[in-house]
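Single-letter residue listing:
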Amino acid sequence: MSQTSPDEGILRRVEAEAARLQAAGADKEVAQLCFQGLNRFGDTIGLLTPLAQTVLKHGDLTRAEGYLRRLLALQPENVDTLAIHANVLTAQERNEEAVAAQYRVLDVAPDRQDTLVNLGMLLVKMQRAEEALPFLRKAACHAPDDCLVHTWLGYACSALGRLEEAIGSYEVVYNDPQHGPAVSIPLAIAYRDSRQLDKANSVLGDILTREPGNAVARFSLAQNQLTVGDFKQGFANYESRWDRPDAGRPAVPGQLWTGQPLAGKTILVHDEQGFGDCIQFSRFLKPLQGMGARVLFQVRPKLRVLMQGVEGIDAFVAPGEGEADYHVALMSLPLHLGAEADTIADGPYLTIPPEAREKWSERLGPKSGLRVGLVWQGDPRSQAEVGRSVTFSLLRQLFDLDGCQFILLQKFHGRDEIVASDLPVNVLDLGEEIDNGPDAFVDTAAVISNLDIMVSSDTAAAHLAGAIGVPTYILLKYAPEWRWMLDRPDSIWYRDMTLLRQNERGNWQVVIERLHRILQQKSAGAD
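Residues numbered from 1 in each chain as written. Predicted model: local features only at pLDDT ≥ 70, side-chain atom pairs only at ≥ 80, totals over all residues. Heavy atoms only, no water.

**Quick notes on the packing of aromatic side chains**
Enumeration over the complete set of coordinates arrives at 19 aromatic pairs. An angle of 75° between the planes, with centres 5.5 Å apart, marks the rings of Tyr-103 and Phe-135 as edge-to-face. Of this pair, Tyr-103 sits in helix 6 (residues 95-108) while Phe-135 sits in helix 8 (residues 129-142), placing them 32 residues apart in sequence. What makes Phe-135 buried here is its relative accessible area of 16%. Judged by centre distance (6.5 Å) and plane angle (55°), the rings of Phe-281 and Trp-482 are tilted. Within this pair, whereas Phe-281 is found in helix 15 (residues 275-281), its partner Trp-482 is found in the loop between strand 10 (472-476) and strand 11 (497-501), the two being separated by 201 residues in sequence. The pair Phe-281 / Trp-482 is uniform in exposure class, with both members buried. It is Arg-244 that lies over the ring of Phe-219; its NZ or CZ is 4.1 Å from the centre. (Phe/Tyr/Trp six-rings, centres within 6.5 Å; stacked < 30°, edge-to-face > 60°. Helix = DSSP H or I, 4+ residues; strand = E, 2+ residues; numbered from the N terminus. Buried < 20%, exposed > 50% of the residue type's maximum accessible area, 1.4 Å probe, protein only. Lys NZ or Arg CZ within 6 Å of the ring centre and 35° of its normal.)

Pasting the structure below:
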């Protein structure tokens, strides 16, 4: 029969006293006793456990993480210690270590609910939604009514475009009076992206009834209204973009213009949002001159040369330059000019300098068929780009059309699939040659002006071709941006644009097959 050594007996009494003090909430005394015990006896579970818990209670993550690591050296498969350690790493934003630690917990306890949820949440925050999905689904099976689980499962599914599943999870939360408001906006967006606008507007209406000043909800409602062509209400609500968190109007001279008479006045218009937005809405500058105004245009330097081809600009100014009676944001012009959906597409409004057009005509060489430009991807870092891009491998199906000469105008992103030596003779890749200087789209515009047809996904190049007046086919995802509306084959913005839409989410093959037939017919007619 083994006997307890004197030191071992003392250790057990110290550990028991530490546990008693911890239960009594005497945190200072717990820490002091544990420090003394560790100095005398070294690391023990009975001393490190209350010490780690006490320093964690007081928010000292760094020291807590160190004590927990020492605990795990003594009990490497203690699931509670593993879980706490993983959560501390998460709180410290040591994300990669935290993920590994959460996985280690699940190796020991595969069904541990809090870890399934914590790992899923962390992976979604790290934009690893695909990896998060099985953990959140499993957690939802364990707790089918848990609002936290369904909130994050909804986020993961939304990020992956699994909208039906996302909506199902969001609806579980939305129907809970306490937690519902937290998912109102994501649910409304999921409804919109699945083309259920009535349901989306109902949710947004509920938000605005509770919170009339909710700018995010009003901005979402504006996009839905614009999608169905309600310009009056849509553009009025679109002004809420300036009231959203982290937004705000730039500091520009003059009074805010909301439709006042402009005869003899100077108005400064500042551009906003993406390059495509600037190209699309620059058509509204000319009517300001028609009202008797002198128009100053504050535009990003990269677009200034291109915008010289737009009528209605008296002078370009940089931020901080120019004196004006009024100022207005470019995308506010349709509201204050009273634009209507059936009167916008009034023909080309961007001209290309003849010398630029001639330069790229020489580079293209003699025509050997229908000249077709191709752009298939925007900036993948933009949230708006999700689901909009087409893969180059799909577009290769067009290259068997002998009556067409294809001009690749894709810059930067999306060029990884191009192998120059593998391109057929009827394909010319200009992506590395165009717009390598400080000015955006100048070469692209000149090339487009030499084309018979432009084909693009939803990118600035599509707006550029439409503004120049080149017949354009734009490839659209199932639920596109508001400006393309729903179902109609034409664009209210560009007279010579045809909209080729997915008939189901993610199905580009049907779109490419339809485009193939169109180009085949047109190339036969060109012969």
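**Topic: the pattern of salt bridges**
Under the counting rule described, the total for this entry stands at 36 salt bridges. A salt bridge links Asp-43 to Arg-70; the shortest N-O distance between them is 2.6 Å. Of the two residues, Asp-43 sits in the loop between helix 2 (27-41) and helix 3 (45-57) while Arg-70 sits in helix 4 (residues 61-74), which places them 27 residues apart along the sequence. Of the residues examined, Asp-43 reaches a relative accessible area of 35% and is grouped as partly exposed. For Arg-70, a relative accessible area of 32% puts it in the partly exposed group. A salt bridge links Arg-415 to Glu-432, with the nearest nitrogen and oxygen atoms 3.2 Å apart. With Arg-415 in the loop between strand 7 (404-408) and strand 8 (427-429) and Glu-432 in the loop between strand 8 and helix 21 (442-448), the pair connects residues that are 17 residues apart, well separated along the chain. Taken together, the shared-partner salt bridges connect Asp-277, Glu-385, Arg-388, Asp-458, Glu-481 and Arg-483 into one network. (Salt bridge = Lys/Arg side-chain N within 4 Å of Asp/Glu carboxyl O.)

**What about the environment of Asp-146?**
Turning to its location among the elements, Asp-146 is positioned in the loop between helix 8 and helix 9 (147-159). Judged by its relative accessible area of 30%, Asp-146 is partly exposed. For the pair Asp-146 and Ser-169, spaced 23 residues apart in the sequence, the C-alpha separation amounts to 9.8 Å.

**Notes on the environment of Ala-318**
Position of Ala-318 relative to the elements: it lies in the loop between strand 4 (315-317) and strand 5 (326-329). C-alpha of Ala-318 to C-alpha of Gln-298: the two residues are 20 residues apart in sequence and 5.7 Å apart in space. If near-sequence neighbours (up to four positions away) are discounted, Ala-318 is found in contact with Gln-298 and Arg-304. (Contact = heavy atoms within 4.5 Å.)

**Some words on the layout of surface pockets**
Of the pockets and cavities examined, the second largest pocket occupies roughly 360 Å³. Around the second largest pocket sit 20 residues that line it, and Arg-283, Phe-284, Pro-287, Ile-344 and Asp-346 are the ones nearest its centre. Within the lining of the second largest pocket, the residues separate by chemical class into ten nonpolar, five polar and five charged. (1 Å grid on protein atoms, 1.4 Å probe; cavity = no way out; pocket = protein on both sides within 12 Å on 5 of 7 lines; lining within 4 Å. Points joined across faces, edges and corners; volume = space filled by probe spheres on them. Nonpolar A, V, L, I, M, F, W, Y, C, P; charged D, E, K, R; others polar.)

**Focus: the sheet that holds strand 9 (residues 453-457)**
Within the open sheet, the six strands sit side by side as 8-7-6-9-10-11. Their pairing is parallel. Every other strand in the sheet has two partners, leaving strand 8 and strand 11 as the edge strands with one partner each. Strand-to-strand twist of the sheet, defined as the mean angle between neighbouring strand axes without regard to direction, takes the value 20°. Here four bridges tie strand 6 (residues 370-375) to strand 9, and the two strands are oriented parallel to one another. Bridging from a neighbouring strand, Val-375 pairs with Ser-456 of strand 9. Helix 22 (residues 460-468) rests against strand 6, strand 9, strand 10 and strand 11 of the sheet, and its axis sits at about 150° to strand 9. (Pairing = 2+ DSSP bridges. Axes fitted to C-alpha atoms, helices over the stretch in contact; angles between N-to-C directions.)

**Details of the state of the cysteines**
Evaluation of the coordinates by the stated rule reveals zero disulfides. Here Cys-157 stays unpaired: no disulfide links it, and the sulfur of Cys-141, its closest cysteine neighbor, is 12 Å away. (Disulfide = S-S within 2.5 Å.)

**Looking at the nonpolar core**
Ranked by size, the top nonpolar core spans 70 residues in total, and within it Met-307, Leu-409 and Trp-493 carry the most contacts. Those residues in contact with Trp-493 that sit more than four places away from it in its chain are Phe-231, Phe-235, Gln-280, Phe-281, Arg-283, Phe-284, Ile-344, Ala-345, Trp-482 and Arg-483. Counting residues in hydrophobic clusters, the runner-up holds 48 residues, among them Leu-123, Ala-166, Ile-185 and Leu-208. (Core = buried A, V, L, I, M, F, W, Y, C linked by side-chain atoms within 4.5 Å.)

**Points about the pairing of strand 6**
With six of six residues buried, strand 6 is to be regarded as a mostly interior element. With burial as the criterion, each face of strand 6 is covered, one bearing Leu-370, Val-372 and Leu-374 and the other bearing Arg-371, Gly-373 and Val-375. The pairing of strand 6 with strand 7 spans five bridges and is classified as parallel. Directly across from Leu-370, in strand 7, lies its bridge partner Cys-404.

**Some details on the pairing of strand 10**
The two faces of a sheet get side chains in turn, since along a regular strand they alternate between them. Most of strand 10 is tucked away: five of the five residues are buried. Across four bridges, the pairing between strand 9 and strand 10 is parallel. Within the sheet, the bridge partner assigned to Met-454 lies in strand 10 and is Thr-472. The handedness of the strand 9 to strand 10 crossover, carried by helix 22, is right-handed. Of the strand pairs in this sheet, strand 10 and strand 11 are connected by five bridges, and their pairing is parallel. Residue Tyr-473 lies in a different strand from strand 11, and its bridge partner there is Thr-498. (Right-handed = clockwise from strand over helix to strand, strands pointing away.)

**Digging into the environment of Asp-429**
Within the secondary structure, Asp-429 sits in strand 8. For the pair formed by Asp-429 and Gly-373, sequence separation is 56 residues and the distance between their alpha carbons is 9.9 Å. If near-sequence neighbours (up to four positions away) are discounted, Asp-429 is found in contact with Leu-408, Arg-415, Ile-418 and Leu-423. For Asp-429, the side chain forms a polar contact with the side chain of Arg-415, separated by 2.7 Å. Among the polar contacts made by the side chain of Asp-429, one reaches the main-chain amide nitrogen of Gly-431 at a distance of 3.0 Å. (Polar contact = N/O pair within 3.5 Å; in protein donor to acceptor, adjacent residues only side chain to side chain.)

**A short note on the packing of helix 4 against helix 5 (residues 79-91)**
Where helix 4 meets helix 5, the closest approach of the two axes is 10 Å, and the angle between their N-to-C directions is 150°. By the angle between their directions, the pair helix 4 and helix 5 is classed as roughly antiparallel. Helix 4 and helix 5 meet at a crossing whose hand is left-handed. Taken together, the residues of helix 5 that come into contact with helix 4 (itself represented by Leu-61, Glu-65, Leu-68, Arg-69, Leu-71 and Leu-72) are Thr-81, Leu-82, Ile-84, His-85, Val-88, Leu-89 and Ala-91. The residue makeup of the contact of helix 4 with helix 5, split by class, is nine nonpolar, two polar and two charged. (Parallel < 35°, antiparallel > 145°, perpendicular 65-115°, else oblique. Left-handed = near helix turned anticlockwise from the far one by under 90°.)

All quantities given are derived from atomic positions and should not be read as evidence of function.
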